[in-house]
Amino acid sequence: MSNIATDGTPLAANPLTRAVLEIDEYAAGLGWDQPARLFALVDTAQLRSQEPGLADQLGIGEESAAGSLTPIEQEELPSGTALDEFLATIAWPEVIAGCALTVERLMLPPSAEASIPDDLDDAALASWVAAHPERQEVRMTVAVLRGGARESAVRLREKDTAAEVLTGADLVPGLATALKATFEA
């Protein structure tokens, strides 16, 4: 049995993974060098029953899978505000089942992390990483549910296909923790 759907995207075992992959595919369609994007995750059946007009507008039909989640993109994140500071200002209403964030970053392999100079401030560190020959550009999509479940998708720019997207609950633990905190306010 293949782990790839007929359209080339990985099959997802649960609604949260499906939502993360849907957001990743949406972000991929926008191309690289995009700003971070925040999404509310709502229970699809609840959305269909409580907001049928919005569900129609989003193309959500009666046949939507039970237990599925619908990502709804939020307003653009404020420029000039650090991501952790922005996330600390968010409080979601009860109707929101979860949230997701997609963000692009430069990452180094673990083998390169040992060579990072100790005396760099944030700006100098960012410049050092950007100039490192082993850096990787990645798009991370991280989602959490109000109850604590989490999922991530990571796409490398150099392997920019749906079949190469890595998924897992603990790929980006720091960001998942920050998103979970938006439900604890």
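Just above sits the structure.
Conventions used here
Sequence order sets the numbering: in each chain, residues are counted from 1 along the sequence as written. At least 70 in pLDDT is required for a residue's local features to be given in this predicted model, at least 80 for side-chain atom pairs to be given and counted, and no such filter applies to totals for whole chains, interfaces and linings, which use all residues. Excluding hydrogens and water, the side-chain values take into account all heavy atoms of the structure. Runs of H or I in DSSP of at least four residues are treated as helices and runs of E of at least two as strands, each being numbered from the N terminus. For every residue, the accessible area obtained with a 1.4 Å probe (protein chains only) is divided by the maximum for its type, and the residue is called buried under 20%, exposed over 50%, and partly exposed between those limits. We call two residues contacting when some pair of their heavy atoms lies within 4.5 Å. The Shrake-Rupley method, run with a 1.4 Å probe sphere, supplies the accessible areas, and residue values consider only the shown protein chains as cover. A helix is expected to span 1.5 Å multiplied by its residue count minus one. Any N or O atom pair separated by 3.5 Å or less is treated as a polar contact, with the protein-specific requirement of one donor-capable and one acceptor-capable atom, and with residues adjacent in sequence counted only for side-chain atom pairs. Points on a 1 Å grid, built from protein atoms alone, make a cavity when a 1.4 Å probe fits but cannot get out and make a pocket when they are open with protein on both sides within 12 Å along at least 5 of 7 lines; residues with an atom within 4 Å of a point are the lining residues. Grid points are joined across faces, edges and corners, and a volume is the space filled by probe spheres set on the points. When residue character is reported, Ala, Val, Leu, Ile, Met, Phe, Trp, Tyr, Cys and Pro are called nonpolar, Asp, Glu, Lys and Arg charged, and the others, Gly included, polar.

Turning next to the overall build of the chain. The secondary structure content of the chain amounts to seven helices and six strands. In sequence order, the chain lays out its α and β elements as α-β-α-α-β-α-β-α-α-β-β-β-α. For the chain, the residues scored as buried account for 36% of the 185 residues in total. For the chain, contacts bridging at least 24 residues in sequence account for 67% of all contacts bridging at least 6. As presented, the chain carries roughly 10,400 Å² of accessible surface, and 52% of it is formed by carbon and sulfur atoms.

Attention now moves to helix H1 (residues 15-30). A rise of 1.5 Å per residue sets the reference length of H1, with its 16 residues, at 22 Å; its end C-alpha atoms lie 23 Å apart and thus fit the reference within 8%. Two or three places before Leu 16, at the opening of H1, Asn 14 has a side-chain oxygen 2.9 Å from that residue's backbone nitrogen. Looking one or two residues beyond H1, the residue adopting positive phi is Gly 31, at roughly 90°.

Moving on: empty space enclosed by the protein. Following the criterion strictly, the structure yields one cavity of 30 Å³ or more and no others. Looking at the largest cavity, its volume works out to about 50 Å³. Surrounding the largest cavity, Ala 27, Leu 30, Gln 34, Pro 35, Arg 37, Thr 102, Val 103, Glu 104 and Arg 139 form its lining. Put simply, the parts of the chain that give the lining of the largest cavity at least two residues each are H1 and strand S3 (98-107). Top element by residues in the lining of the largest cavity is S3. It accounts for three residues. The class makeup of the residues in the lining of the largest cavity is four nonpolar, two polar and three charged.

The values reported here are purely geometric and, on their own, carry no functional implication.
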